[in-house]
Amino acid sequence: MPSFEARIKEELVRLPRPLEPDEAQGPWLTILLDAYHILTIGTTLAITDEVTRRGVPPACGAGCAACCLRPEVPVSQLELLGIWWYVVERLPAEERLRLNERLLRHRDSRTCPFLAEGRCSIYPLRPLACRFLHVFGSPCKTEEIPVETRPQDVWLPREAAQLAAFTMLPYFGFNTADACRQAMAEGYLVSVSTLMSDFPWENLATARKK
Ligand code: SF4
Ligand code: SF4
């Protein structure tokens, strides 16, 4: 059987990522979208294997959002740029207005300001950390931390996440495979991440299109 990395590469050829016109402005958006695409493709492959192994699908699905009510989500500088871009350049005006109200009041609540009516309003640009966690069995209860209450039901696409993180590193100046491997081993991305809830999202509420 081919390695997991080889299977991802085959899938990337079969399912190339759609290009964004704004990618012409600089490499950061391409790096970020490539990393998210690799994680999506890799997660789809790996979860298919996991569902076969467990014999049941994951409990995660549309409208299930207890994990967004008090997220402890680390976000790297690159991912923050992506969220900023998506909100300013891609969100429809009406949705943006509703989001701005939540951004201005985000310190009043632990709920992620991007959660709107049970769905993520920045879903295509949601951070890596929001893409990792998968839970089998029953959906999480409000306030439940499944890693603590039932670790056997928690599944993370580790290999795909590593490949995605590796893909982001050139943005931070790591330009050789050896430098990227060392940065991964030293937890570089975590060291340049902030918690989602600590970011001054109020400023995004007043940001304008270019
Ligand atoms: S992690 Fe838990 S709350 Fe979040 S989507 Fe999956 S089952 Fe639902
Ligand atoms: S960014 Fe989206 S997926 Fe992540 S915590 Fe917020 S609402 Fe949930």
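Going by the structure above, here's the rest.
Residues numbered from 1 in each chain as written. Chains lettered and ligands numbered in written order. Predicted model: local features only at pLDDT ≥ 70, side-chain atom pairs only at ≥ 80, totals over all residues.

1. Here's the deal with the overall build of the chain
The number of helices and strands found in the chain is 10 helices and six strands. Since a compact globule built from 210 residues should have a radius of gyration of about 17 Å, the 18 Å found for the chain is in line with a globular shape. Counting only C-alpha atoms, the chain reaches 50 × 40 × 35 Å along its principal axes. Taking all 210 residues of the chain together, 25% fall into the buried category. Taking the contacts inside the chain whose residues are at least 6 apart along the sequence as the reference set, 75% of them involve residues at least 24 apart. (Helix = DSSP H or I, 4+ residues; strand = E, 2+ residues; numbered from the N terminus. Rg over C-alpha atoms; globule rule 2.2 N^0.38 Å. Buried ≥ 20, exposed ≤ 12 C-beta atoms within 10 Å, placed from the backbone. Contact = placed C-beta atoms within 7 Å.)

2. Focus on the site of ligand 2
Around ligand 2 sit Cys68, Pro71, Val73, Cys112, Phe114, Leu115, Cys120, Ile122, Arg126 and Cys130, and those are all the residues in its vicinity. Looking at the shell around ligand 2 residue by residue, the class counts come to nine nonpolar, no polar and one charged. (Near = placed C-beta within 6 Å. Nonpolar A, V, L, I, M, F, W, Y, C, P; charged D, E, K, R; others polar.)

3. Focus: the environment of alanine 35
Mapping alanine 35 onto the fold places it in helix H2 (residues 27-54). A count of 23 C-beta atoms within 10 Å places alanine 35 in the buried class. Between the C-alpha atoms of alanine 35 and methionine 168, which are 133 residues apart in sequence, the distance is 6.2 Å. Beyond its immediate stretch of four places on either side in the chain, alanine 35 contacts Ala164, Thr167 and Met168.

4. Some points on the site of ligand 1
Ligand 1 sits among Ala59, Cys60, Cys64, Ala66, Cys67, Leu133, Val135, Pro139 and Cys140. The residue inventory of the shell around ligand 1, partitioned by class, reads nine nonpolar, no polar and no charged.

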